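# Observations on the model geometry
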Amino acid sequence: MDYRAGLTASTSIIDGPRTGCVRAEQAIFTSIRTPMGEGYRLIAMSPGITSEERAEITRRSPSHGSLCDPDPAASALSSYPLATQRQCVAWTRYAGREHTARGGQRVHTHLAVLDPEGFAAMACDPFRVHAAMQQIIGDKPCLQPATCMDTLELPVADLAGAAFGADMVSVEHACRMVAALLNHDVMLVVGAVSPVDTVRTMFAILPQAWRVNLSLSANLQYAPARQFQLTCVGRYTPELQRAVQGQDVHVLDLGSSAAPEPCGCDAWFEFTRERQRQGRFAECVALADQLDGQVDGPTLDRVVAICRDADRIESSSQDGLEQLVTAYAKAAANHPLEKHLIRNLISAAVRRASQLQHPVGVAVPAAAH
């Protein structure tokens, strides 16, 4: 039987904003008292979740005491690829008092399971999935769901076109996290003022190609059994230090003033800082969304160079415009985004020359159209 959820979405923001809806399976993992017993388990789910997925979700879902923050309004996010190749995005929060003798607050997790095409329509960004879940599910955790739930119809949001409130501190932290991810298999990030917002900013500048298959949690306690590549928390407590001692885990302390680790992406990091200072951070998000497929450091270097050259057009002289068009008419482009940016640059240079009433003098090659 084919359990893959349906997809009705446009996945390219080169041609326009991401629109439409993505269908996802859903489930709820929490603790309630029923005739079948009590304790943390999957209490409801849609029928498309397989038995294999149920077992994996149960193993990786948070239970009592798993949130880092005791505030009743606290929430956490985790995301991981399942063995079935589908992506699970889990939104965890508190849902009142725990009904067992343990006391404390009940941990409630609402999960969405997307097939690869559906996750790609969300730019492989679990925070976009989370935003869509918030729209559909609402802010109040459900403790009495139907045992057999319907699938979710998640609206596809164009985050790049929306206001993104990333400040310079969060951008600096994001750059350090991306660099460390490229150098280490398993990473624990500590010192985040807001772990969820910190990882959200990291995803905003992380090329889509590098988001695929990334497993992570933000604001959940570190637990080796969950097998997350990235765990982001606030305080580096003595208990946490003991938990990672002897483990093959790289600890990144955002409270330190260290620069990003060398990883061949310096131009991209400086570009994101530059755009944030200019109030143009959404452009970085749009570019990162389109950087799918094969992406490496030289690809990012070329994308940054094209964007900076495009910024020069409005202030360029006739000679400068001719030089730009001549250079880019001959430029080799290895990634579809590069080709798109070069077409835009040449078109903008031609328009600018027309405004100056001086023809560029170099025909735009047919391949640029």
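Described below are features of the structure shown in this document. Here the structure is a predicted model, which is why all the values come from computation and not from measurement.

## Regarding the state of the cysteines
- The tally for this structure, following the rule as stated, stands at zero disulfides.
- Free cysteine Cys284: the closest other cysteine sulfur is in Cys307, separated by 8.4 Å.

## A few points about the nonpolar core
- In this structure, Leu114, Val129, Val199, Met202, Leu230 and Trp268 are the most contacted members of the largest nonpolar core, which totals 75 residues.
- By size, the runner-up hydrophobic cluster in this structure holds 20 residues, among which are Tyr40, Leu42, Ile57 and Leu67.

## Describing helix 12 (residues 336–355)
- Its 20 residues place the ends of helix 12 29 Å apart at the C-alpha level, agreeing with the 28 Å of an ideal helix rising 1.5 Å per residue.
- For helix 12, every residue scored as buried is listed here: Leu337, Glu338, His340, Leu341, Ile342, Leu345, Ile346, Ala348, Ala349, Arg352 and Ala353.
- The inward-facing, buried residues of helix 12 abut helix 9 (281–290), helix 10 (297–311) and helix 11 (318–329).

## Concerning the pattern of salt bridges
- Summed over all chains, the structure comprises 20 salt bridges.
- When the shortest N-O distance is used, the salt bridge between Glu270 and Arg273 registers 3.3 Å. Here Glu270 and its partner Arg273 are both found in helix 8 (residues 266–277), three residues apart, which amounts to about one turn of the helix.
- With relative accessibility at 31%, the residue Glu270 sits in the partly exposed group.
- A salt bridge links Glu270 to Arg277, with the shortest nitrogen-to-oxygen separation between them at 3.2 Å.
- Taking relative accessible area as the criterion, Arg277 reaches 52% and is therefore assigned exposed.
- Among the charged side chains, a salt-bridge network with shared partners connects Glu274, Arg275, Arg280, Glu283, Arg308 and Asp311.

Definitions and limits used
Residues numbered from 1 in each chain as written. Predicted model: local features only at pLDDT ≥ 70, side-chain atom pairs only at ≥ 80, totals over all residues. Heavy atoms only, no water. Disulfide = S-S within 2.5 Å. Core = buried A, V, L, I, M, F, W, Y, C linked by side-chain atoms within 4.5 Å. Buried < 20%, exposed > 50% of the residue type's maximum accessible area, 1.4 Å probe, protein only. Helix = DSSP H or I, 4+ residues; strand = E, 2+ residues; numbered from the N terminus. Expected span 1.5 Å × (residues − 1). Contact = heavy atoms within 4.5 Å. Salt bridge = Lys/Arg side-chain N within 4 Å of Asp/Glu carboxyl O.

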